[in-house]
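Fold and geometry: a report
What follows is the residue order along each chain.
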Amino acid sequence: MSSLRGHNLCSRNGTFRLPLNSLPKSYQRRNVKWRSPEAAIISNFHLPMRSFEVKNRTSVEDIKKLRLITAIKTPYLPDGRFDLEAYDALMHMQIVNGVEGVLVGGTTGEGQLMSWDEHIMLIGHTVNCFGGSIKVIGNTGSNSTREAIHATEQGFAVGMHAALHINPYYGKTSLQGLISHFETILSMGPTIVYNVPSRTGQDIPPRVIHTLAENANMAGVKECMGNDRIKDYTDEGLVIWSGNDDQCHDARWMCGATGVISVVSNLVPGLIHELMFEGNNSSLNSKLMPLISWLFREPNPIGLNTALAQLGVVRPVFRLPYVPLSRERRVEFVNIVNALGRGNFVGKKDVQVMDDDDFILVCRY
């Protein structure tokens, strides 16, 4: 490669070309009049792989109207593969209780533990079975712009209605890098930007959000930086969903949020629907606080996975590195269910404490 130093190997449109003097003379003579095909010299060859057919799309305005979106749990079979029967049952419970959208493969759904094949398959399955009854939002974000583009193209191709995108985590970038990352993805379809600095290590500041809001595909923001930030955004006409279950009531009724992208609605979708749709209800909000506090005492989705297993809605299977809550915490959950009323929770089986040996931990899946 030393002989190539000092040469520009890329043309302005990004195509790879060797310097002419590096080619054999016989090749230069034979090909002096050759011209590339028209398709090869289109100035922007990194066009998004997208379709504008109606069956593959919903409007940005439809996404902006959603008030209750559940970050849906992904259940597993004993060998760690997806338990689609349990997943479908959980989806039906969301739909009959008035949930308007589901986020597939988010942190709650353990998208971080999925291969992209699993991820896109689950999005496609959800659209295929439930897309006519509920909006399907695929978490196709990544800290790699290349992977985010690839997953988002595939997600929209299998019919998801919108994408959720987080800012690049761990290998953090500059503010201009954030804008460039999101703008590349926004070209593909309706998009919700997710700001959760506790997981990414980097806040998406208002300056970036205001720049992105000029894009027609920007549906809104799932915001976890608190209700003061939400109020500032909604006062300026931005669509915001609270990303914090403990703050979502006040965000909705006091700070102008459109609604919530909720973890708790996996367990009590009817009560969260009431909280988002039926006006200011501080009494119900207060009743839900012990459940919400219990659920997030350990990092999400540990509490949710444990609770759904105790309710008999999913098998007690955990993909590592997640492990169930301790027996002491499981006893607390039984008491919380009894206090709120078993009928408010998903499933029909009696809530159980369960033994430690009942849980299955899988490290290969």
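None of the values given here were measured: they were computed from a predicted structure. (Residues numbered from 1 in each chain as written. Predicted model: local features only at pLDDT ≥ 70, side-chain atom pairs only at ≥ 80, totals over all residues. Heavy atoms only, no water.)

Here we come to the sheet that holds strand β3 (residues 135-139). Around the barrel, 8 strands lie side by side as β1-β2-β3-β4-β5-β6-β7-β8; this closed barrel has parallel pairing. Between one strand axis and the next, the sheet turns by 25° as a mean value, whatever way the strands run. As paired elements, strand β5 (residues 191-195) and strand β6 (residues 218-223) share 5 bridges and run parallel to each other. Residue pairing across strands places T191 opposite M218, the latter belonging to β6. (Pairing = 2+ DSSP bridges. Helix = DSSP H or I, 4+ residues; strand = E, 2+ residues; numbered from the N terminus. Axes fitted to C-alpha atoms, helices over the stretch in contact; angles between N-to-C directions.)

Judged by nonpolar contacts, the single largest core of 63 residues is most densely connected at L267, I272, L288, L291, L311, F333 and F345. Among the secondary structure elements, those contributing two or more residues to this core are α3 (84-96), β2 (101-104), α4 (116-130), α11 (269-277), α12 (282-295), α13 (302-310), β9 (317-319) and α14 (327-340). With 6 residues, the top contributor of residues to this core is α12. When residues no more than four places from it in sequence are discounted, the contact partners of L267 are L291, L295, L304, A307, L308, L311, N344, F345 and V346. (Core = buried A, V, L, I, M, F, W, Y, C linked by side-chain atoms within 4.5 Å. Buried < 20%, exposed > 50% of the residue type's maximum accessible area, 1.4 Å probe, protein only. Contact = heavy atoms within 4.5 Å.)

Assignment of secondary structure puts K73 in the loop between β1 (68-71) and α3. On the basis of relative accessibility, which here comes to 2%, the residue K73 falls in the buried class. Within polar-contact distance, the side chain of K73 engages the side chain of N305 at 3.1 Å. Excluding residues that lie within four positions of it along the chain, K73 makes contacts with Y87, L90, T108, G109, E110, N266, L304, N305 and L308. (Polar contact = N/O pair within 3.5 Å; in protein donor to acceptor, adjacent residues only side chain to side chain.)

In this section: helix α6 (residues 175-186). The end-to-end C-alpha separation of α6 is 16 Å, in line with the 16 Å expected for 12 residues at 1.5 Å each. G177, L178, I179, H181, F182, I185 and L186 are the residues of α6 that are buried. At its buried positions, α6 is contacted by α5 (145-157), β4 (162-166), β5, α8 (206-212) and β6. (Expected span 1.5 Å × (residues − 1).)

This next bit is on a nonpolar patch on the surface. Taken together, the side chains of L320, V323 and L361 present a nonpolar region at the surface, about 210 Å² in accessible area. With respect to the helices, strands and loops of the structure, V323 is situated in the loop between β9 and α14. A relative accessible area of 36% means that V323 is categorised as partly exposed. (Patch = residues over 30% accessible without salt bridge, like charges linked within 9 Å, V, L, I, M, F, W, Y side chains within 5 Å. Areas by Shrake-Rupley, 256 points an atom, 1.4 Å probe, with all protein chains shown as cover. Salt bridge = Lys/Arg side-chain N within 4 Å of Asp/Glu carboxyl O.)

The next thing to look at is the pattern of salt bridges. A side chain with one charge can pair with a side chain of the opposite charge if their charged atoms come near. What the rule picks out here adds up to 12 salt bridges. R67 serves as the salt-bridge partner of E100, at 3.5 Å between the closest nitrogen and oxygen. Pair noted here: E100 is in the loop between α3 and β2 and R67 is in the loop between α2 (60-64) and β1, with a separation of 33 residues, a long-range link. Close ionic contact of E118 with R319 constitutes a salt bridge, the shortest N to O distance being 2.8 Å.

Within the element layout of this structure, P301 appears in the loop between α12 and α13. What P301 contacts, discounting residues up to four positions off in sequence, is T107, T108, E110 and Y322.

A few words on the pairing of β4. Along any regular strand, the residues point their side chains to alternate faces of the sheet. Across the 5 residues of β4, 5 count as buried, placing the element largely inside the fold. Neither face of β4 is exposed, since A162, L164 and I166 on one face and A163 and H165 on the opposite face are all buried. Two elements, β3 and β4, share 3 bridges in a ladder whose sense is parallel. When the sheet's bridge partners are listed, N139 is paired in β4 with L164. For the crossover that starts at β3, traverses α5 and ends in the parallel β4, the hand is right-handed. Of the strand pairs in this sheet, β4 and β5 are connected by 4 bridges, and their pairing is parallel. Across the sheet, the residue bridging to L164 is I192, located in β5. (Right-handed = clockwise from strand over helix to strand, strands pointing away.)

Position of T152 relative to the elements: it lies in helix α5. On the basis of relative accessibility, which here comes to 0%, the residue T152 falls in the buried class.

Here the focus is the packing of aromatic side chains. Each aromatic ring pair is summarised here by two numbers: the centre-to-centre distance and the angle between the ring planes. The full count for this structure, using the stated rule, is 4 aromatic pairs. A centroid spacing of 6.0 Å and a plane angle of 90° characterise the contact between F333 and F345, whose relative ring orientation is edge-to-face. Of this pair, F333 sits in helix α14 while F345 is found in the loop between α14 and β10 (360-362), placing the two residues 12 residues apart along the sequence. On the basis of relative accessible area, F333 is assigned to the buried category, the value being 0%. Residue F345 is classed as buried on the basis of its relative accessible area of 5%. Three or more aromatic residues joined by ring pairs form one cluster here, namely W294, F333 and F345. (Phe/Tyr/Trp six-rings, centres within 6.5 Å; stacked < 30°, edge-to-face > 60°.)

When you line up the elements, L113 lands in the loop between β2 and α4. As for L113 and R319, which are separated by 206 residues in sequence, their C-alpha atoms are 7.7 Å apart. Every residue in contact with L113, bar those within four places of it in the chain, is listed here: E118, R319, L320, P321, Y322 and Y365.

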